[in-house]
Amino acid sequence: MATRREHDFIGEMEINDELYYGIQTIRAVENFSITHDRLYNYPVFIRSFAQVKKAAALANAELGLIDVKIKDAICHACDKIIAGEYLDQFVVDMIQGGAGTSTNMNVNEVIANLALEFLGHKKGEYQYCHPNDHVNRSQSTNDTYPSALKIAIYERLDKLTQTLKVLKDAFAVKAKEFSHILKMGRTQLQDAVPMTLGQEFETFMCMVEKDIQHVLDARNWTRVLNLGGTAIGTGINSHPDYKGIVEKKIQEVTGRPFTIAQNLIEASQSTGAYVQVSGALKRVSIKLSKICNDLRLLSSGPRAGLNEINLPKMQPGSSIMPGKVNPVIPEVVNQVCFSVIGNDLSVAMAAEGGQLQLNVFEPVIAYKLFHSFLMLDRAIHTLVDKCILGITANEKICQDYVFNSIGIVTALNPHIGYEKSASIAKEALETGKSIHEIVLERKYLTQEQLDEIFQPANMLSPHVFKKHKD
């Protein structure tokens, strides 16, 4: 096995010459065996880091801080990484000490060695293109890590928006399909007043639609970067014009409307954007979990539950009870939502835990946010493909609940008053008689009048009736 010898200020190390990363990356791998979840599992983060490095190289070259040939080599390396190549070279654990320095150096070393090959040199011949002096020129971990993270989050929010639109459209299909099915609405798990099953699914659709807007709004919190702030936001070791030039370059490289913060000291220590984004993910999760709770309840049974809808049968539900089928898809989505809500607490604690001019806990923030994005995306597609699109309705059961319900007595209030309606409800509960039967026995209304009042269209929206005499 061919090796090369690299050094840092701690010492020297023999490195497999096939590897594009170097000594600082290897030290990080040895130090941080925490999650076993590596950078290469999050290509969007690696791609965003390469975009930051490319923008920096372009700005440095324009300012005459690095040679044009070195700039071209760094950009070539970045383009390869942006295209998805060499992902296996990004091996640092997602949770690490050092505020992300290990991630930044992993990126710097890979880019430097790719650039060296492009220039016709061997890996490790850093006198021609150095990870710190050239790839990291005018930069610090403290501005590149959060900038790359925000760029990646922006992209993930965009993808989540598209996924949520798939969910919204699936509910819209079912809302239309079930628009004619009368059913009983419920409050506090008790009979309330009638609605349609289509209205119930339309409500799910509207809930998701509102969340789409909140996710889109959350993207705005990630658009402001602290790139150019270097160590603490003062811009030490950068050119006075670097900030303005790198802003244009990052816009060109990403094709996104990123800007550089006016106050880079504040931007370098602030984690408010991550808190906002995590809050949006928590909101999505809470509402998605509520929808799954409703689906499980509406499909409960089949003989001793509501049984108003049928979820697709995905697998046997018990090792002991033959014929049992469980709502496994909503159940797994519930659990994903619980996990995302827990991740939000981790983000909040990490955001609060930073001190003075830097928050060193951004790696766990990154890990939890990417974890939430990944799980939500997979869970929503699973819910759509394996559950929602296959839901069917038990129309007769839905309608029987309505006309056997005490709740429809509410529709009589405008015609005979609350007191008489309450008396009818009480007798129905005590005797088992239907509302219709009691009203006719007491001669409060005629059959014709009842037929008009209890027409589905008249119970589902505001309606003006002819006044009936007492």
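Our structure is the block above this text.
Criteria and cut-off values
Residues numbered from 1 in each chain as written. Predicted model: local features only at pLDDT ≥ 70, side-chain atom pairs only at ≥ 80, totals over all residues. Heavy atoms only, no water. Helix = DSSP H or I, 4+ residues; strand = E, 2+ residues; numbered from the N terminus. Rg over C-alpha atoms; globule rule 2.2 N^0.38 Å. Buried < 20%, exposed > 50% of the residue type's maximum accessible area, 1.4 Å probe, protein only. Contact = heavy atoms within 4.5 Å. Axes fitted to C-alpha atoms, helices over the stretch in contact; angles between N-to-C directions. Parallel < 35°, antiparallel > 145°, perpendicular 65-115°, else oblique. Left-handed = near helix turned anticlockwise from the far one by under 90°. Nonpolar A, V, L, I, M, F, W, Y, C, P; charged D, E, K, R; others polar. Core = buried A, V, L, I, M, F, W, Y, C linked by side-chain atoms within 4.5 Å. Pairing = 2+ DSSP bridges. Expected span 1.5 Å × (residues − 1). Polar contact = N/O pair within 3.5 Å; in protein donor to acceptor, adjacent residues only side chain to side chain.

S.K.: Could you give me a rundown of the overall build of the protein chain, with the residues and numbers involved?
M.R.: Check the secondary structure of the protein chain and you find 18 helices and 8 strands. Taken over the C-alpha trace, the protein chain has a radius of gyration of 31 Å; the compact-globule value for 470 residues is 23 Å, which it surpasses by more than 25%. Oriented by its inertia axes, the alpha-carbon framework of the protein chain measures out at about 100 × 55 × 35 Å. Counting across all 470 residues of the protein chain, residues that qualify as buried make up 50%. Across the protein chain, contacts joining residues at least 24 apart in sequence account for 71% of those joining residues at least 6 apart.

S.K.: Tell me what's going on with the packing of helix α11 (residues 328–353) against helix α12 (residues 362–386), and back it up with residues and numbers.
M.R.: Taken N-terminus to C-terminus, the directions of α11 and α12 make an angle of 165°; their axes are 9 Å apart at the nearest point. What the angle tells us is that α11 and α12 run roughly antiparallel. When the axes of α11 and α12 are compared, the crossing they make is left-handed. Here I329, V333, V336, S339, V340, N343, S346, V347, A350 and A351 of α11 lie close against α12, whose contacting residues are V364, I365, K368, L369, H371, S372, M375, L376, A379, T382, L383 and K386. For the contact of α11 with α12, the class distribution of residues is 14 nonpolar, 6 polar and 2 charged.

S.K.: Report on the nonpolar core, specifying residues and quantitative values.
M.R.: Residues F45, L167 and F201 are the most contacted members of the largest nonpolar core, which totals 119 residues. Discounting residues that sit within four places of it in the chain, L167 has contacts with V208, L288, I380, L383, V384 and I388. I408, I416, I424 and V439 belong to the second-largest nonpolar core, a separate cluster that totals 18 residues.

S.K.: Pulling in residues and values, what's your account of the pairing of strand β2 (residues 12–16)?
M.R.: Here β2 shows one buried face, formed by M13 and I15, and one open face, formed by E12, E14 and N16. Connecting strand β1 (residues 3–7) to the next strand, β2, in antiparallel fashion are 4 residues.

S.K.: Quick one: what's the story with helix α6 (residues 141–177), residue by residue and with numbers?
M.R.: Owing to its 3.6 residues per turn, the α-helix aligns residues three or four sequence positions apart on the same side. The terminal C-alpha atoms of α6, which comprises 37 residues, lie 53 Å apart, in line with the 54 Å expected from a rise of 1.5 Å per residue. The backbone nitrogen of N142 lies 3.0 Å from a side-chain oxygen of the residue at the head of α6, namely S140.

S.K.: Can you break down the packing of helix α1 (residues 23–31) against helix α4 (residues 101–119) residue by residue, with the values?
M.R.: Their axes nearest at 8 Å, the elements α1 and α4 cross at an angle of 140°. Judged by the sense of rotation from one axis to the other, the crossing of α1 with α4 is left-handed. On α4, the residues touching I23, Q24, T25 and A28 of α1 are S102, M105, N106 and E109. Tallied by class, the residues present in the contact of α1 with α4 amount to 3 nonpolar, 4 polar and 1 charged.

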